[in-house]
Amino acid sequence: MKGNINVSVENIFPLIKKFLYSDHEIFLRELISNATDATLKLKHLTSIGEAKVAYGNPVIEVKVDKEQKTLHISDQGIGMTAEEVEKYINQIAFSGAEEFLEKYKDTAKDSGVIGHFGLGFYSAFMVAKEVEIITKSYTDAPAVRWVCDGSPEYSLEETDLRTERGTEIVLHLADDSLEFLEASRIEELLRKYNRFMPIPIKFGTKQEPLPVPDDAPEDYQTEYVTVDNIVNNPTPAWTKQPSDLSEEDYKAFYHELYPTQFDEPLFYIHLNVDYPFHLTGILYFPKLSKDMTLQKDRIQLYQNQVFVTDNVEGIVPDFLTMLKGVIDSPDIPLNVSRSYLQADGNVKKIANYITRKVADKLKSLFNNNREDFESKWNDIKIVLEYGMLTDDKFYEKAGDFMLYPTVDGKYYTLTELKEAIKEQQTDKNGNLVVLYAQNKEQQYTSIEQAKEKGYEVLVLDTPIVSHLLQKLEGDNEKLTFSRVDAAPIAKLIAKEEPVLAKHSDEEKQNLKAAVEKVLPKEGYMVQLEDLDSDDTPVVINQPEFMRRMKEMSATGGGGMFAMGGFPDMYHVVVNSNSALAEAILQTTDETAKENLIKQAFDLARLSQGLLKGKELSDFVKRNWELVN
Ligand code: ADP
Ligand code: MG
């Protein structure tokens, strides 16, 4: 059997009310968008000579009437005739905005008209038990009043309630929506959604002081006038041409966007593209707080100056979500899920465009004022490193401006670095070994030793640097990175200079056994090395590979090591040519030998910051006994 599912109109309103928008508060955004559209349409029609009326300086007004429990939104736009109300309002899901854009497509594509789906108006029923439209067309047609209580029945009749062109929407608020009678709640919504809409929005009035006259007496009382309280900035910076904006304008706009942000932005990028998609905006590199998860003021997404969301995930490349600012594009489909978004061709193009603009800006900053760029490096490096790791397009371009700072405050590009260190830091197998520290204080001893040998040491101290080094090594043949304390200095960059062994293999076996007997069984591995006799007798190293894998698994990724944190493993490297090694071998008293090894081991741990708690306290006690 076949049949028709009967969709009765009666059923549609409760559905709209419940499910059309999960967020009831957006009704105001929708009604102000319609008022804006009506005004922009009139502007367009007057500009092409089709409406022979004066456009003037129209405003949109929002008013609350606590007694009547009504909320009023009125505009001075094109208004509607009775026929137009029939057509645009009584037909759900017929968008007058789309029709307008279609009709005037040659001239109106930049008019900024917002509407899309022909559903916005009905969001009024999410908060109102009855809605009135009192509207007068800009033509000679009489004003009309439409009333509907949310059932499919409505009334439409001529009215003398309005003599000027434009529309007033009156919402008789439902009992569960009386919060929208509070001025503070309305202000909050206007600030959130309408802050940068293109037509001035008036909400109440405010008192403004008059200028003090020149001949004012000493006891002059400031006088006030009542002026309209305009809550929005209709021409935000991103809608202007970059050539019309100064450095100061960009900074001022940053603070307008983020009133609680006191730091100055490091630099900005003005986005402006017409084809193949429409997008404008300004992105700012903020000073990043140490804790990136606290990042609160995020990039805001607008469509034709209407706020949509501050969750730009899936639209802006991941690494740039750490930036701040605004993007405005009517071409981002927001009625699909985020995962669909990422597959959308337009959205992909938008992401690529943004990446390219950011890379170009960084390159030009680097080229035009390298010193200034270097001075900002600390604040931007994490974003750039993250970008190199997650965005191939960005990685390709980053070589031009990615910097590698040294412990002495020099900044190299990778190409410059390779050139600078190739004499000193190429090992016997032809590998170029780049040394780095993650913490200048903690790795101080090793840094000094490396510098004595004439090596450069970089400071790479972001939490994701291990991932980056892994990638750089993969992409640059014969380039390896090693933390400066990953092995004894003499072994970090292996050269063709054999050091003679003072002791026989058998003696070395004895030495190793003696040390192993004293050391903890877990976490430490004893290694003997024939180093210069005046090199440090015992050093503790964490091999580069192990440390890096551990760090990588801690910050995501890292392959098989990601599963189950694996324990720290240190190499205890004993210099078998040192005087200490000699002494250990010579000492016959077992206790004395043990004490000697213990003291050496503790000193080595102390210099690595590995001696803690009871062991540190015991060490200090023991040493007091020596001097007191
Ligand atoms: P959309 O804005 O997507 O077209 P809406 O449901 O928000 O859909 O509005 C439907 C139509 O009703 C609009 O396209 C417009 O033609 C008409 N309309 C709504 N509000 C106004 C208004 N304030 N002034 C003039 N026309 C309006
Ligand atoms: Mg609309």
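Residue numbering note: each chain is counted from 1, following its sequence as written. Chains and ligands are labelled by the order in which they are written, letters from A for the one and numbers from 1 for the other. Per-residue local features of the predicted model are confined to residues with pLDDT of at least 70, and side-chain atom pairs are confined, for both listing and counting, to 80 or more; whole-chain, interface and lining totals are unaffected and use all residues. Water and hydrogen atoms play no part in the side-chain values, which are based on all heavy atoms of the structure.

**Student:** Talk me through the packing of helix H2 (residues 26-47) against helix H4 (residues 96-103); I want residue IDs and the actual numbers.
**Tutor:** To get an axis, a line is fitted to the C-alpha atoms, and for a helix only the part in contact is used. The angle between two axes follows their N-to-C directions and goes from 0 to 180 degrees. Strands here are runs of E lasting at least two residues and helices are runs of H or I lasting at least four, both read from the DSSP assignment and numbered beginning at the N terminus. Taken N-terminus to C-terminus, the directions of H2 and H4 make an angle of 15 degrees; their axes are 11 Å apart at the nearest point. If you check the angle between H2 and H4, you find them roughly parallel. Regarding H2 and H4, the two cross each other, and that crossing is left-handed. Two secondary-structure elements touch here, H2 through Asp-37, Lys-41, His-44 and Leu-45 and H4 through Gly-96, Ala-97 and Phe-100. Three classes are used, and their members are as follows: Ala, Val, Leu, Ile, Met, Phe, Trp, Tyr, Cys and Pro are nonpolar, Asp, Glu, Lys and Arg are charged, and the others, Gly among them, are polar. Class assignment of the residues belonging to the contact of H2 with H4 gives a composition of three nonpolar, two polar and two charged. An angle below 35 degrees is treated as roughly parallel, one above 145 as roughly antiparallel, one from 65 to 115 as roughly perpendicular, and anything else as oblique. Here a crossing is called left-handed whenever its near helix is offset anticlockwise from the far helix by less than a right angle, and right-handed whenever the offset is clockwise. Only heavy atoms enter the contact rule, under which two residues are in contact if any of them lie within 4.5 Å.

**Student:** An account of the sheet that holds strand S10 (residues 279-285) is needed here, citing residue identities and associated values.
**Tutor:** Pairing within the open sheet is mixed, and its five strands lie in the order S9-S10-S13-S11-S12. Taken across any chain shown, the strands that pair with only one partner, and hence form the sheet edges, are strand S9 (267-273) and strand S12 (306-309). For this sheet, the mean inter-axis angle between neighbouring strands, taken without regard to orientation, is 20 degrees. Pairing between two strands requires that DSSP report at least two bridges joining them. Where strand S11 (residues 300-303) and S12 come together, three bridges link them in antiparallel fashion.

**Student:** How would you sum up the pairing of strand S1 (residues 60-65)? Please name residues and give values.
**Tutor:** Every other side chain in a regular strand lies on the same face of the sheet, so the side chains alternate between the two faces. Pairing geometry for S1 and strand S7 (residues 201-209), over three bridges, is parallel. Of the residues in S7, the one forming a bridge with Glu-61 is Lys-202. For S1 and strand S2 (residues 70-75), the ladder comprises five bridges, and the chain directions are antiparallel. In the sheet register, Glu-61 faces S2, and the bridge partner there is Ser-74. Counting the residues in the hairpin turn of S1 and S2 gives four residues, including Lys-69, whose phi is positive at 55 degrees.

**Student:** Quick one: what's the story with the packing of aromatic side chains, residue by residue and with numbers?
**Tutor:** Put simply, two rings from Phe, Tyr or Trp (the six-membered ring, in Trp's case) pair if the centres are within 6.5 Å, and we call them stacked under 30 degrees between planes, edge-to-face over 60, tilted for the rest. The tally for this structure, following the rule as stated, stands at 24 aromatic pairs. Ring centres of Tyr-193 and Phe-307 lie 5.8 Å apart, and the angle between their planes is 65 degrees; this geometry places the pair in the edge-to-face category. With Tyr-193 in helix H5 (residues 183-193) and Phe-307 in strand S12, this residue pair connects regions lying 114 residues apart in the sequence. You'll find Tyr-193 and Phe-307 in the same group, each marked buried. Sitting over the face of the ring of Tyr-258, Lys-324 holds its NZ or CZ atom 5.3 Å from the ring centroid. Charge-over-ring placement is defined geometrically: NZ (Lys) or CZ (Arg) within 6 Å of the ring centre, and within 35 degrees of the ring normal. Over the aromatic face of Tyr-395 sits the side chain of Lys-471, whose NZ or CZ is 4.5 Å from the ring centroid. For each residue, the accessible area found with a 1.4 Å probe, counting protein chains only, is set against the maximum for its type, and the residue is called buried under 20%, exposed over 50%, and partly exposed in between.

**Student:** Would you mind going over the nonpolar core in detail, with residue names and values included?
**Tutor:** Among buried residues, the Ala, Val, Leu, Ile, Met, Phe, Trp, Tyr and Cys ones that are joined through side-chain atoms within 4.5 Å form a nonpolar core. Residues Phe-285, Ile-327, Ile-354, Leu-362, Val-383, Leu-384 and Phe-394 are the most contacted members of the largest nonpolar core, which totals 61 residues. If you tally residues by element for this core, the top one is helix H8 (residues 345-368), at nine residues. Not counting the four nearest positions on each side in its chain, Ile-327 is found in contact with Leu-271, Leu-279, Thr-280, Gly-281, Leu-283, Ile-299, Gln-300, Leu-301, Tyr-302, Ile-315, Val-316 and Ile-354. Membership of the second largest hydrophobic core comes to 56 residues, among which are Val-131, Ile-133, Trp-146 and Leu-171.

**Student:** Please set out the sheet that holds strand S19 (residues 524-529) residue by residue, giving values where relevant.
**Tutor:** In a beta sheet, neighbouring strands are held together by backbone hydrogen bonds and run either parallel or antiparallel to one another. Strand order in the open sheet formed by three strands is S19-S21-S20, and the pairing between neighbours is mixed. Of all the strands in the sheet, just S19 and strand S20 (538-541) have a single pairing partner and so form its edges. Each strand of the sheet is rotated relative to its neighbour by a mean of 25 degrees, with strand direction disregarded. Two elements, S19 and strand S21 (residues 570-575), share six bridges in a ladder whose sense is parallel.

**Student:** With reference to specific residues and values, describe the environment of Asp-140.
**Tutor:** Looking at where Asp-140 falls in the secondary structure, it is placed in the loop between strand S3 (128-136) and strand S4 (144-148). As a C-alpha pair, Asp-140 and Arg-165 span 25 residues in sequence and 9.4 Å in three-dimensional space.

**Student:** Report on unusual backbone geometry, specifying residues and quantitative values.
**Tutor:** A negative phi angle is the norm for most residues apart from glycine, just as the trans form is the norm for most peptide bonds. In this structure, Pro-276 follows Tyr-275 across a cis peptide bond, with omega equal to 5 degrees. Inspection of the secondary structure assignment puts Pro-276 in the loop between S9 and S10. The phi angle at Gln-305 is positive, at roughly 70 degrees, despite the residue not being glycine. Mapped onto the elements of the fold, Gln-305 is located in the loop between S11 and S12. Here the phi dihedral of Lys-478 falls at roughly 60 degrees; this positive angle occurs in a residue that is not glycine. Tracing the backbone shows Lys-478 in the loop between helix H14 (465-475) and strand S18 (479-483). When its relative accessible area of 46% is taken as the criterion, Lys-478 is described as partly exposed.

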